[in-house]
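Tertiary structure, described
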2 protein chains.
Amino acid sequence: MILTVTLNAALDITYRVPALVPHASHRVTEVTERPGGKGLNVARVLAAIGHDVTVTGFAGGDTGRVLHERLAHEPRVTDALVPVEGASRRTLAVVDAATGDTTQLNEPGPAISPAEWSAFRESYEELLRRGTTAVALCGSLPPGVPVGAYATLVRAARAAKVPVLLDTSGEALRRGVAARPDIVKPNADELAELTGSHEPAQAARDARRRGAHAVVASLGAEGLRAVTPEGTWQAAPPALVRGNPTGAGDSAVAGLLSALVEQLPWPERLARAVALSAATVSSPVAGEFVPSVYEDLLTRVAVTGEATAA
Amino acid sequence: MILTVTLNAALDITYRVPALVPHASHRVTEVTERPGGKGLNVARVLAAIGHDVTVTGFAGGDTGRVLHERLAHEPRVTDALVPVEGASRRTLAVVDAATGDTTQLNEPGPAISPAEWSAFRESYEELLRRGTTAVALCGSLPPGVPVGAYATLVRAARAAKVPVLLDTSGEALRRGVAARPDIVKPNADELAELTGSHEPAQAARDARRRGAHAVVASLGAEGLRAVTPEGTWQAAPPALVRGNPTGAGDSAVAGLLSALVEQLPWPERLARAVALSAATVSSPVAGEFVPSVYEDLLTRVAVTGEATAA
């Protein structure tokens with residue numbers, strides 16, 4: 001079973017309005033809601049491609065209860081969110097139907113107490129011991145969780161011999177990388193912030209020197225660049241994919257992680273990650289992918305590069 | 001016990017953001033939530049001035065459950081919301097901290113089935129028989145409820161000999177007035193829409209001819225104008241009150257209704273309604289009033305007019 005960690009889990013709400021006008025009153029024409037936060041999005045994609053997945057992180061208050069209920073209805077997903085006193089956050093995307101543009105309003109996460117963080121670590125270590133085949137640590141940290149949280153969680157995974165992927169940014173990424181995760185998946189901005197270099201190949205090599213065993217940088221329309229102990233590859237979709245990039249990075253993480261537990265070689269891991277990511281961009285629903293588009297793209301992703309001489 | 005009806009009950013959420021910029025991403029700095037919809041606001045004010053109040057209307061889905069829980073914590077308020085299959089709506093007010101302006105996003109209400117509307121009427125008639133001293137019918141109608149709903153509810157109240165106040169707009173008001181409610185409380189726009197006249201004194205007389213026993217028009221800063229079988233009065237706050245008019249009309253309804261069940265004469269009813277309304281405008285929290293400000297204003301509201309010759 002794959003484990004995804006979302007310390008700042010959310011209920012993602014989308015409002016569609018005819019046109020967003022500041023200081024006016026709007027009738028919302030369509031409301032959609034689903035569990036969100038990067039790790040929960042990764043879990044949904046993993047489940048869609050047939051993997052059993054357990055999700056953990058924090059859930060509290062009215063919104064936390066809604067998260068539990070929604071997760072109970074998602075096939076192949078096991079809910080291991082840890083209860084907290086504070087209320088889980090909502091994120092609201094207001095989609096302007098006239099322009100297609102989105103205005104985002106994100107509630108602050110609940111403040112996590114030291115006792116809650118400690119309860120989480122205990123539950124996480126128990127999950128690592130109970131048949132976890134790989135773990136993804138995803139997204140930002142809520143208030144109250146120490147900035148070195150991901151370093152702690154990476155070390156616990158490595159101690160349990162569970163491969164661990166880290167997808168975060170800023171200081172949480174910097175500290176987490178130093179704990180030697182198996183894979184980090186920064187985007188171009190996150191990689192530049194981590195390393196100070198805007199040249200992806202050099203920055204990826206630098207991120208490995210900082211501790212990451214493998215670096216898979218997501219470069220938007222250019223696809224993925226992987227710098228790993230086994231070699232260096234670049235994987236790109238067959239043509240420019242137009243659409244909504246929301247969730248494309250989470251789909252890439254799901255592709256990498258599922259292919260890792262299936263013990264596929266790097267070129268196949270990257271092809272899957274790029275195909276899932278591109279299928280997500282082209283989907284009419286933000287963060288979802290059309291399976292037939294994914295299957296088609298999978299055969300057409302171009303992977304170039306070379307394995308390290310043995 | 002006073003009964004308030006809110007067929008389109010809502011959970012009112014307020015987000016504070018540093019500045020609202022369309023198509024940007026915002027960190028919400030403060031989130032507040034409370035049960036809303038006009039009848040629930042009226043109930044909160046009635047409870048605050050010492051009246052026991054029962055609230056009814058519809059509640060469903062996750063938001064409905066939150067409504068039930070919040071109401072359970074409000075002193076002097078009894079929750080008689082009728083369960084429905086659809087999800088109760090949320091309203092979101094996004095307050096721009098830089099300008100103080102508010103952008104409003106209102107979800108559509110749940111669609112009410114004929115069986116749910118029928119269950120509501122049964123519960124309402126039972127409440128009328130079980131010691132209701134007065135009833136307020138407040139706000140808009142959700143999809144599925146017939147446009148003549150308030151006429152039906154007014155007639156049921158009159159049949160039960162329970163005084164009934166109607167506060168709505170448009171066609172729901174037009175139909176409701178024809179069923180001869182004891183009081184209607186339109187604002188200037190609603191009164192003009194009902195009667196076609198923009199001259200409040202003439203429009204109020206016309207609304208009485210359409211069926212309302214008494215018409216109390218809320219005229220913003222000018223206060224209230226009442227045209228009743230007992231006489232005609234105008235009541236105004238002692239000075240221009242600056243602030244947020246949200247909820248001022250609901251506070252006026254609470255003032256009128258509480259004074260009616262206390263069998264106060266019209267001038268005292270109007271003084272209370274104006275004082276509560278002005279205290280609500282001047283409150284820093286939208287829709288709430290400061291008791292000391294209310295007590296002070298109560299002694300200083302100017303009521304002019306005359307009783308009808310007996």
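Residues numbered from 1 in each chain as written. Chains lettered and ligands numbered in written order. Predicted model: local features only at pLDDT ≥ 70, side-chain atom pairs only at ≥ 80, totals over all residues. Heavy atoms only, no water.

What about the overall build of chain A?
Here is the rule: Helix numbering and strand numbering both begin at the N terminus, where a helix is a DSSP run of H or I of at least 4 residues and a strand a DSSP run of E of at least 2. Note on method: radius of gyration uses C-alpha positions; expected globular size equals 2.2 Å times residues raised to 0.38. Exposure categories follow from relative accessible area, calculated using a 1.4 Å probe and restricted to protein chains: below 20% of the type maximum is buried, above 50% is exposed, and the middle band is partly exposed. Contact definition: two residues touch when any of their heavy atoms are within 4.5 Å. Per-residue and other accessible areas follow the Shrake-Rupley method at a 1.4 Å probe size, with only the shown protein chains counted as cover for residues. Two residue types count as positive, namely Lys and Arg, and two as negative, namely Asp and Glu; His and chain ends fall outside the count. A charge is said to be at NZ when it belongs to Lys, at CZ for Arg, at CG for Asp and at CD for Glu.
Each helix and strand in chain A was counted, giving 10 helices and 16 strands. Against the 2.2 N^0.38 benchmark of 19 Å for 310 residues, chain A shows a C-alpha radius of gyration of 19 Å, consistent with a compact globule. Sorting the 310 residues of chain A into buried and exposed places 55% on the buried side. Taking the contacts inside chain A whose residues are at least 6 apart along the sequence as the reference set, 65% of them involve residues at least 24 apart. Of the roughly 12,600 Å² of accessible surface on chain A, a fraction of 51% belongs to carbon and sulfur atoms. Of note, chain A has its 29 positive side-chain charges centred 4 Å away from the centre of its 33 negative side-chain charges.

A few points about the UniProt feature "domain: Carbohydrate kinase PfkB" (unreviewed entry) in chain A
Counted only if it meets this: UniProt positions are given in the numbering used here, feature names are shortened, and annotations may be inferred rather than shown by experiment.
Following the UniProt record, one finds the feature "domain: Carbohydrate kinase PfkB" (unreviewed entry) at residues 11-289 of chain A. Across residues 11-289 of chain A, the secondary structure splits into 38% helix and 25% strand, with the terminal C-alpha atoms separated by 19 Å.

Notes on the pairing of strand β1 (residues 2-6) of chain B
Residue and element names in this part refer to chain B. Note the threshold: Note on pairing: two strands pair once DSSP finds at least 2 bridges between them.
Burial of β1 is extensive: five of the five residues sit out of reach of the surface. As paired strands, β1 and strand β5 (residues 53-59) are joined by five bridges and run parallel to one another. Bridge pairing in β5 links Thr6 to Gly57. In this sheet, strand β10 (residues 134-138) lies alongside β1 in parallel orientation, the contact comprising four bridges.

Quick word on the nonpolar core
Counted only if it meets this: Buried Ala, Val, Leu, Ile, Met, Phe, Trp, Tyr and Cys residues form a nonpolar core when they are joined through side-chain atoms within 4.5 Å.
With 110 residues, the main nonpolar core has A:Leu105, A:Leu270, B:Leu105 and B:Leu270 as its most contacted residues. In contact with A:Leu270, not counting residues within four places along its chain, are A:Val216, A:Leu224, A:Ala226, A:Trp233, A:Ala235 and A:Leu256. Residues A:Tyr124, A:Leu141, A:Val162 and A:Ala207 belong to the second largest nonpolar core, which totals 42 residues.

So, the interface of chain A and chain B
Put simply, the test is: For any pair of parts, buried area is found by adding up, for both, the accessible area (1.4 Å probe) each one loses once the two are put together. A pairing counts as a salt bridge when a side-chain nitrogen of Lys or Arg comes within 4 Å of a carboxyl oxygen of Asp or Glu.
The interface is formed by 32 residues belonging to chain A together with 32 residues belonging to chain B. For the pair chain A and chain B, the two sides together bury roughly 2,700 Å², of which 49% comes from carbon and sulfur. Among the residues of chain A in contact with chain B, A:His23, A:Arg90 and A:Leu105 are the three that bury the most area, contributing 21% of the side total. If you look at where chain A meets chain B, you find six salt bridges.

A closer look at the relation of the copies chain A and chain B
Heads up, the rule is: Copies overlap after least-squares fitting; the atoms used are the C-alpha atoms of residues with pLDDT of at least 70 in both.
Take chain A, turn it by 180°, move it 0.0 Å along the axis, and it overlays chain B with an RMSD of 0.0 Å. The operation mapping one copy onto its partner corresponds to a two-fold rotation axis. Every residue of chain A has its C-alpha some distance from the rotation axis, and the shortest such distance is that of A:Pro22, at 3.7 Å. Here 100% of the contact residues of chain A are again contact residues in chain B; the copies associate through an equivalent surface.

So, the packing of helix α3 (residues 114-129) of chain B against helix α4 (residues 149-159) of chain B
Residue and element names in this part refer to chain B. To be explicit about the condition: Axis geometry follows a simple rule: fit a line to the C-alpha atoms, using only the stretch in contact for helices, then measure angles between N-to-C directions, giving values from 0 to 180 degrees. Roughly parallel means an angle under 35 degrees; roughly antiparallel means over 145; roughly perpendicular covers 65 to 115; every other angle is labelled oblique. Definitions for this section: a left-handed crossing has its near helix turned counterclockwise from the far helix by less than a right angle. A right-handed crossing has that turn clockwise. Classes in brief: Ala, Val, Leu, Ile, Met, Phe, Trp, Tyr, Cys and Pro nonpolar; Asp, Glu, Lys and Arg charged; the others, Gly included, polar.
Packing of α3 against α4 brings their axes to within 10 Å, and their N-to-C directions diverge by 25°. In terms of orientation, α3 and α4 fall into the roughly parallel class. Note that α3 runs across α4; the crossing there is right-handed. Side by side, α3 and α4 meet where Trp117, Phe120, Arg121, Tyr124, Glu125 and Leu128 of the first sit next to Ala149, Thr152, Leu153, Ala156 and Ala157 of the second. Of the residues contributing to the contact of α3 with α4, the split by class is eight nonpolar, one polar and two charged.

Comments concerning the environment of B:Arg208
All names here are of chain B. Its location among the elements puts Arg208 in helix α7 (residues 200-209). When the C-alpha atoms of Arg208 and Ile183 are compared, they prove to be 9.4 Å apart, with 25 residues separating the residues in sequence. With residues near it in sequence (within four places) discarded, Arg208 still touches His213, Val215, Val227, Thr228 and Pro229.

Focus on the sheet that holds strand β2 (residues 10-17) of chain B
Taken together, the five strands give an open sheet; going across it, the order is β3(A)-β9(B)-β8(B)-β2(B)-β4(B), and neighbouring strands pair in mixed fashion. Looking at the sheet topology across the chains shown, the edges are occupied by β3 (25-27) of chain A together with β4 (30-36) of chain B. Strand-to-strand twist in this sheet, taken as the mean axis angle between neighbours without regard to direction, amounts to 15°. With eight bridges connecting them, β2(B) and strand β8 (residues 89-96) of chain B associate as parallel partners. When the bridges of β8(B) are listed, B:Val17 appears paired with B:Asp96. The strands touched by helix α2 (residues 61-72) of chain B within the sheet are β2, β4 and β8 of chain B, with β4(B) carrying the most contacts at an inclination of about 85°.

Looking at the pattern of salt bridges
If you walk through the whole model with that rule in mind, you get 36 salt bridges over all chains. Close ionic contact of B:Glu288 with B:Arg34 constitutes a salt bridge, the shortest N to O distance being 3.3 Å. Separated by 254 residues along the polypeptide, B:Glu288 in the loop between α9 (266-281) and α10 (291-298) and B:Arg34 in strand β4 bring together distant segments of the chain. Among the residues examined, B:Arg34 registers a relative accessible area of 19% and is labelled buried. The salt bridge partner of B:Arg210 is B:Asp206, with a shortest N-O separation of 2.8 Å. Looking at B:Asp206, the relative accessible area reads 17%, which means it is buried. Salt bridges linked by common partners bring A:Glu33, A:Glu69, A:Arg70, B:Asp62, B:Arg65, B:Arg90 and B:Glu107 together as one network.

Topic: the packing of helix α6 (residues 188-195) of chain A against helix α7 (residues 200-209) of chain A
Residue and element names in this part refer to chain A. At their nearest, the axes of α6 and α7 sit 9 Å apart, and the two run at 60° to each other. If you check the angle between α6 and α7, you find them oblique. Classified by chirality, the crossing of α7 by α6 is left-handed. Counted together, Leu191, Leu194 and Thr195 of α6 and Pro200, Ala203, Ala204, Asp206 and Ala207 of α7 form the full contact between these two elements. Along the lines of polarity and charge, the residues of the contact of α6 with α7 split into six nonpolar, one polar and one charged.

Considerations on the side chain of B:Asn41
Here B:Asn41 shows up in helix α1 (residues 38-48). Those residues within four positions of B:Asn41 in sequence are excluded, and the remaining contacts are B:Pro35, B:Gly36 and B:Asp250.

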